[in-house]
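Summary of the model geometry
Listed below, chain by chain, are the residues.
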Amino acid sequence: MSSAADEDTDLVAVFVAERRSADFERLVERHRDSVFRVALSVLGPGRARYAEDVAQDVFVHVYRNVAAFEGRSRFSTWLYRIAYNRAVDYRRSLRADLESDAVPDVADDGAPADLLKSRALAACLGRLPETQRSVVHLHYWFGHTVPEIATTLGVQPGTVKAWLFRARHSIARCLAAKGVRW
Amino acid sequence: MIHDDLSRHFANRERPQLSADFAVNLRNRVRSPDRPSALAALRRSALRLYWLGAIAVLVVYWPDVSLTPVEVGVLAVSVAIVARVWQRALRAPPLVRVLREALWR
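All values reported here derive from a predicted model rather than from experimental measurement. (Residues numbered from 1 in each chain as written. Chains lettered and ligands numbered in written order. Predicted model: local features only at pLDDT ≥ 70, side-chain atom pairs only at ≥ 80, totals over all residues. Heavy atoms only, no water.)

1. Quick word on the interface of chain B and chain A
Contacts between the two partners involve 29 residues from chain B and, on the opposite side, 39 residues from chain A. Buried area between chain B and chain A, both sides added, is near 3100 Å², and the carbon and sulfur share of it is 63%. Across the chain B-chain A interface, the total number found is 2 salt bridges. Between chain B and chain A we count 8 residue pairs in polar contact (both at pLDDT 80 or more) in total. It is helix α1 (residues 2-11) of chain B that provides the largest number of residues to the side of chain B that touches chain A, a total of 8 residues. By residue class, the composition of the side of chain B that touches chain A is 12 nonpolar, 7 polar and 10 charged. (Contact = heavy atoms within 4.5 Å. Buried area = accessible area lost by both parts, 1.4 Å probe. Salt bridge = Lys/Arg side-chain N within 4 Å of Asp/Glu carboxyl O. Polar contact = N/O pair within 3.5 Å; in protein donor to acceptor, adjacent residues only side chain to side chain. Helix = DSSP H or I, 4+ residues; strand = E, 2+ residues; numbered from the N terminus. Nonpolar A, V, L, I, M, F, W, Y, C, P; charged D, E, K, R; others polar.)

2. Concerning unusual backbone geometry
All names here are of chain A. Even without being glycine, Arg19 reaches a positive phi, approximately 50 degrees. As for its placement among the helices and strands, Arg19 is situated in the loop between α1 (3-18) and α2 (21-43). With relative accessibility at 38%, the residue Arg19 sits in the partly exposed group. (Buried < 20%, exposed > 50% of the residue type's maximum accessible area, 1.4 Å probe, protein only.)

3. Quick look at the packing of aromatic side chains
One pair of aromatic rings is described through two measures. These are the centre distance and the angle between the planes. Residue and element names in this part refer to chain A. Taken as a whole and judged by the stated rule, the model has 12 aromatic pairs over all chains. Each ring, one from Tyr50 and one from Tyr90, has its centre 5.9 Å from the other, and the planes form 50 degrees; the classification is tilted. Taken together, the residues span a long stretch of sequence, with Tyr50 in helix α3 (residues 48-65) and Tyr90 in helix α4 (residues 75-93) at a distance of 40 residues. Each member of the pair, Tyr50 as well as Tyr90, is classed as buried. Arg19 extends its terminal NZ or CZ atom over the ring of Tyr63, reaching a point 5.0 Å from the ring centre. (Phe/Tyr/Trp six-rings, centres within 6.5 Å; stacked < 30°, edge-to-face > 60°. Lys NZ or Arg CZ within 6 Å of the ring centre and 35° of its normal.)

4. Here's the deal with the state of the cysteines
In a disulfide, the sulfur atoms of two cysteines are covalently bonded to one another. Residue and element names in this part refer to chain A. Under the defined criterion, the tally for this structure stands at 1 disulfide over all chains. Each sulfur of the disulfide joining Cys124 and Cys174 lies 2.1 Å from the other. Its S-S torsion of approximately -80 degrees makes the covalent link between Cys124 and Cys174 left-handed. One end of the pair, Cys124, is in helix α5 (residues 112-126); the other, Cys174, is in helix α8 (residues 157-177), with 50 residues separating them in the sequence. A relative accessible area of 2% places Cys124 in the buried class. Residue classification places Cys174 among the buried residues on the basis of a relative accessible area of 13%. (Disulfide = S-S within 2.5 Å.)

5. As for a nonpolar patch on the surface
A cluster of nonpolar side chains, contributed by Leu58(B), Trp62(B), Leu67(B), Val72(B) and Leu75(B), occupies part of the molecular surface with about 400 Å² of accessible area. The topology assignment puts Leu67(B) in the loop between α3 (35-61) and α4 (69-90). (Patch = residues over 30% accessible without salt bridge, like charges linked within 9 Å, V, L, I, M, F, W, Y side chains within 5 Å. Areas by Shrake-Rupley, 256 points an atom, 1.4 Å probe, with all protein chains shown as cover.)

6. Some thoughts on the confidence of the model for chain B
Residue and element names in this part refer to chain B. Across chain B, the average pLDDT comes to 81, with 81% of residues at or above 70. By mean pLDDT, helix α5 (residues 94-104) is the weakest element of chain B at 65, and helix α2 (residues 22-31) is the strongest at 88. Scored as a whole, the predicted complex attains pTM 0.69, and scored at its interfaces, ipTM 0.73. (pLDDT = per-residue confidence, 0-100.)

7. Here's the deal with the packing of α2(A) against α4(A)
Think of two packed helices as two axes; the pair is described by the angle between the axes and how far apart they sit. Residue and element names in this part refer to chain A. In contact at an axis separation of 9 Å, α2 and α4 are set at 35 degrees when each is read in the N-to-C sense. Crossing of α2 against α4: the hand is right-handed. On the side of α2, the interface is formed by Leu27, His31, Ser34, Val35, Val38, Ala39, Val42 and Leu43, while α4 contributes Phe75, Ser76, Leu79, Tyr80, Ala83, Tyr84, Ala87, Val88, Tyr90 and Arg91. Among the residues making up the contact of α2 with α4, the classes are represented as 14 nonpolar, 3 polar and 1 charged. (Axes fitted to C-alpha atoms, helices over the stretch in contact; angles between N-to-C directions. Left-handed = near helix turned anticlockwise from the far one by under 90°.)

See the structure below:
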């Protein structure tokens, strides 16, 4: 295990034993940006406020249930899995609101044709399965590498590559069905 | 290539950051009493009571009725639908949850 993982394990152990806020805040400080990005990768662009709500929920859950962490995986893997699952639940509960998936939050100062292409691509992204959409966002939006995404989601790099491949394939078919050419 | 299209699509897209008061809000939330959990427990209890009641009704009335397989199927589907509606009705949507926690903070 890396030293970062060791430090997490130590912090969790101390926090479980002594319930000191300072230890919990140190854990939050170390992981809050990643938790936020995982949530945002599921919820999609334009939903930073929702992703922040999810991140808050995740850390409140961890604060109250950290004893449930059994140490069978890295703390970060356990934490990001909670974040991913919470974000998926949140996205499903906001289904009606997600009709706006088709509207990208890009500046509309480009050519109308570019805006239409962006809208089509955003709509195709919105139709992807959650895991594929999440890895596309983490990879192309946040610039994470395949090994980084694999570590974050607690899966093998090959699995991430397969999800990316399938996502690109589905997007290509979706765009072709919409008659969009780039 | 789709890879290039995606790279171009996200190239100029803003990468949001957590708000500056994230840590303060979180600190307030973890220090507040665990009242949402009490509500969740109440919801779970209500669901358990519903199911216990439904089973009790079945046990009491089952010997007196003879149902065809189709009727049993319709009954099972009806019970499942009612249970699902109950579940959805009792689950607070995110907006209600956020407002509730804001009021209790």
